[in-house]
Amino acid sequence: MTRGGARLGAGRPKGQGKYKESTKPIRIPKSMIQEVLKYIETNGYHLPLYASVVQAGFPSPADDYIEGELDLNKHLIKHPTATFFVRSAGQSMIKSGIHHGDILVVDRSLEPIHGKIVIAAIDGQLTVKRLHKSSKGTYLMPENDEYEPIKIEENNEVVIWGVVTNVLHEV
Amino acid sequence: MTLFALIDCNNFYASCERVFNPDLIGKPIIVLSNNDGCVIARSNEAKALGIPMGAPYYQHKTFMEKNNVKVFSSNYQFYGDMSQRIMRSLSMMIPSQDLEVYSIDEAFLRLDGFATQDLFNWALQVRNKILQWTGIPTSIGIAPTKTLSKIANQMAKKNTQDGVFDLRDSDLQEHIMSDLPIEELWGISHNWGKKLRSLGISTALQLRDTDPKFIQKNLSVVVERIIYELQGLSCLNLEKQSPKKSIMTSKSFGISLNELEPIEQALSTYGVRACEKLRQQKSKTKGIYVFLQTSPFRENQSQYRNSLTFVFDLPTSDTAVIIRTAKRLLKQIYKNGYHYNKCGIMLFDLVSEDYQQGHFFTIQDPLRDRLMATIDIINKSMGPETIFYAAQGVKHDWKMRRNKLSPRYTTNWEELVKVY
């Protein structure tokens, strides 16, 4: 039997400590201790993409032209906190391409100017029509010959609720 | 001089309902608490009818029907979305470090740097933008301290057309405080109100002119601070939001339950929700607390209430572990023969999920974390409970009563408002 030295199988098995793998003592500058500990604790720094520098390899000729993915939300919604979706019912706006069951994107932050398609609250109900302002008065115009224009009078309870920016129509 | 503004939504829940249902404008509306129990929000018209806050619905049902009061269950998905829109809109008008979201319908703004002469107009603009963008009317009170801005806000609500009230002038402060009953002050509890009155202090002005040290000795340092705030010395700054230190999910059942199994299902469902919140704020929990109780309002039935806590070896956010533990605790406190109306689960002693302390006997399996993350992503993108635990059951007779729920106009494609 040999004497002295390491005994086989003694001590805590490797990989049972804090780091779940075998460890090794090294020398590091005192000033770097905190940094290194942080590096270990966070399992390596998570670098933001722009901070990394490619130093090797051939750059892809397309690199300069990458623009990011197309985001439909960004395209359709300019003012997220003021944008709501509503569903169209009926045929009153059929000529402007708004069908029964379509989803309308409505931006409440836009000014309802002449010619815009708007959502209006008339007598407690929400309706979609084209806003028509002229010297003869303000009208909510349907885009279907079977419907009558609605004249906004002084005593009407009409509130413009928002401006329609897009129609989502399933085909 | 410090400068604060409090922006508060007018009758928030009722106003939300009106945005998508303009027919309700000018009509009395009330909103009920969970399980359609009590009145928790009223429109001005409902207040004028004399319906008290907190009134049990069943007591006033006939009266409401007779007076054509529109009644709604709380639609928290909808109100929560509207609240977020308002707070995000605010953060576009003021740097985020100067904004404190105080509750679902209130926010404090810190305005120290503002050119003072334009402040009133600026506040008017903020108010009008929020109204136009979201449809929700608000009131804004401006003053040198948070406590005074609360008073200014009350004035803006009651006494002005434009919804903005500037309370920077000290003569004006004095005038208003001389009429303000002590109980209506922000931070004065019912008990303190009584105590102050017994000391001969019945208005805000009287409190302001009391020796703060005397109040600190006889009441509390909190009331002392209120005195300074009333004097215009700011003691309360904006509070920064930090991740919650505990998460509680509890609801009363739609019907009373006496069997163990449906209670287990309800508890498991609350556990699932609590774990989702836990992972959302990137935390793990060390402790779990489970309680079960009968209805304290059914005095003729035998009463029982019990709770139990457990501390994990390692912080966890694993739904399976938490449900298993919760059910085990429930079994220990459950007794046959009672009509239970509520159970709940609290996760406490939360730590950041990055903070991983090793443990000698237990090894954490990173695959579990990934499983949880995957389930969260699926349920977020495909709808709540697309994947659910068998422990939650499938029948759900115990689910909350919400018979008068309005559509989830802003969070569900199937429930969008119709325009004709």
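Residues numbered from 1 in each chain as written. Chains lettered and ligands numbered in written order. Predicted model: local features only at pLDDT ≥ 70, side-chain atom pairs only at ≥ 80, totals over all residues.

1. Notes on the overall build of chain A
Secondary structure summary: chain A contains two helices and seven strands in total. Mapped in sequence order, the helices and strands of chain A form the string α-α-β-β-β-β-β-β-β. Counting only residues that meet the buried cut, chain A has 15% of its 171 residues in that class. (Helix = DSSP H or I, 4+ residues; strand = E, 2+ residues; numbered from the N terminus. Buried ≥ 20, exposed ≤ 12 C-beta atoms within 10 Å, placed from the backbone.)

2. Here we look at the overall build of chain B
Per the secondary structure count, chain B includes 14 helices and 13 strands. In terms of overall size, chain B behaves like a compact globule, its C-alpha atoms giving a radius of gyration of 24 Å where 420 residues would be expected to give roughly 22 Å. Taken along its principal axes, the extent of the C-alpha atoms in chain B is 65 × 60 × 50 Å. Per-residue burial for chain B yields a buried fraction of 35% across its 420 residues. For chain B, long-range pairs separated by at least 24 residues make up 68% of all intrachain contacts whose partners lie at least 6 apart in sequence. (Rg over C-alpha atoms; globule rule 2.2 N^0.38 Å. Contact = placed C-beta atoms within 7 Å.)

3. Overview of the interface of chain B and chain A
Listed by partner, the interface residues are 17 residues for chain B and 24 residues for chain A. Residue assignment for the side of chain B that touches chain A shows that the elements contributing at least two residues are helix H4 (76-91), helix H5 (119-134) and strand E13 (417-419) of chain B. For the side of chain B that touches chain A, the per-class residue count stands at six nonpolar, six polar and five charged. Pairing analysis gives three bridges linking strand E1 (residues 83-88) of chain A to E13 of chain B, with the strands arranged parallel. Bridge pairing links Arg-87 of chain A to Lys-418 of chain B in E13 of chain B. (Nonpolar A, V, L, I, M, F, W, Y, C, P; charged D, E, K, R; others polar. Pairing = 2+ DSSP bridges.)

4. Section: the confidence of the model for chain B
Per-chain confidence: chain B averages 88 in pLDDT, with 95% of residues scoring 70 or above. Prediction confidence for the complex, expressed as pTM and ipTM, is 0.72 and 0.71 respectively. (pLDDT = per-residue confidence, 0-100.)

5. Details of the pairing of strand E1 (residues 4-9) of chain B
Moving residue by residue along a regular strand, the side chains alternate between the two faces of the sheet. Residue and element names in this part refer to chain B. Within E1, six of the six residues are buried, which leaves it mostly tucked inside the rest of the structure. Along E1, one buried face is formed by Phe-4, Leu-6 and Asp-8 and the opposite face, lined by Ala-5, Ile-7 and Cys-9, is buried too. As paired elements, E1 and strand E6 (residues 106-110) share five bridges and run antiparallel to each other. Bridge assignment links Asp-8 to a residue of E6, and that residue is Glu-106. Bridge count between E1 and strand E7 (residues 138-143): six bridges; the pairing is antiparallel. Note that in E7 the partner of Leu-6 across the bridge is Gly-141.

6. Section: the sheet that holds strand E11 (residues 305-316) of chain B
Residue and element names in this part refer to chain B. Spatial ordering of the open sheet is given by E9-E12-E10-E11, a layout of four strands whose pairing is antiparallel. Among the strands making up the open sheet, the edge pair consists of strand E9 (246-257) and E11. Neighbour-to-neighbour, the strand axes of the sheet open up by a mean angle of 15°, direction not taken into account. Here strand E10 (residues 283-294) runs beside E11; their pairing, made up of eight bridges, is antiparallel. (Axes fitted to C-alpha atoms, helices over the stretch in contact; angles between N-to-C directions.)

7. Notes on unusual backbone geometry
Residue and element names in this part refer to chain B. The phi dihedral of Asn-68 is positive, around 60°, even though this residue is not glycine. The residue Asn-68 is located in the loop between helix H3 (57-66) and strand E4 (70-73) in this model. On the neighbour-count criterion, Asn-68 (10 C-beta atoms within 10 Å) is exposed. If you check the backbone angles, Lys-282 has positive phi at about 60° while not being a glycine. Here Lys-282 lies in the loop between helix H12 (260-280) and E10.

8. A closer look at the nonpolar core
By size, the foremost hydrophobic cluster in this structure holds 78 residues, and its most contacted members are Ile-119 of chain A together with Ala-152 of chain B. With six residues, helix H1 (residues 12-20) of chain B is the single largest residue contributor to this core. With residues near it in sequence (within four places) discarded, Ile-119 of chain A still touches Val-86, Val-106, Leu-126, Val-128, Trp-161, Gly-162 and Val-164 of chain A together with Val-419 of chain B. (Core = buried A, V, L, I, M, F, W, Y, C linked by C-beta atoms within 7 Å.)

9. A short note on the pairing of strand E5 (residues 137-141) of chain A
All names here are of chain A. Pairing analysis gives five bridges linking strand E4 (residues 125-134) to E5, with the strands arranged antiparallel. Bridge assignment links Ser-134 to a residue of E5, and that residue is Gly-137. What sits between E4 and E5 in their antiparallel hairpin is a turn of two residues. Pairing of E5 with strand E6 (residues 150-152), which is carried by three bridges, proceeds in the antiparallel orientation. In the strand pairing of E6, Thr-138 is matched with Ile-152.

10. Comments concerning the sheet that holds strand E3 (residues 117-122) of chain A
As summarised here, the arrangement of the eight strands in space is E6(A)-E5(A)-E4(A)-E3(A)-E7(A)-E2(A)-E1(A)-E13(B), forming an open sheet in which the pairing is mixed. Whereas interior strands pair on both sides, the edge strands pair on one side only; in this sheet they are E6 of chain A together with E13 of chain B. Each strand of the sheet is rotated relative to its neighbour by a mean of 45°, with strand direction disregarded. In this structure, E3 of chain A lies alongside strand E7 (residues 158-168) of chain A, joined through five bridges in antiparallel fashion. Among the inter-strand pairings, Ala-120 of chain A is bridged to a residue of E7 of chain A, identified as Ile-160 of chain A.

11. A closer look at the environment of Ser-170 of chain B
Inspection of the secondary structure puts Ser-170 of chain B in helix H7 (residues 170-177). The sequence separation of Ser-170 of chain B and Val-394 of chain B amounts to 224 residues, and the corresponding C-alpha distance is 62 Å.

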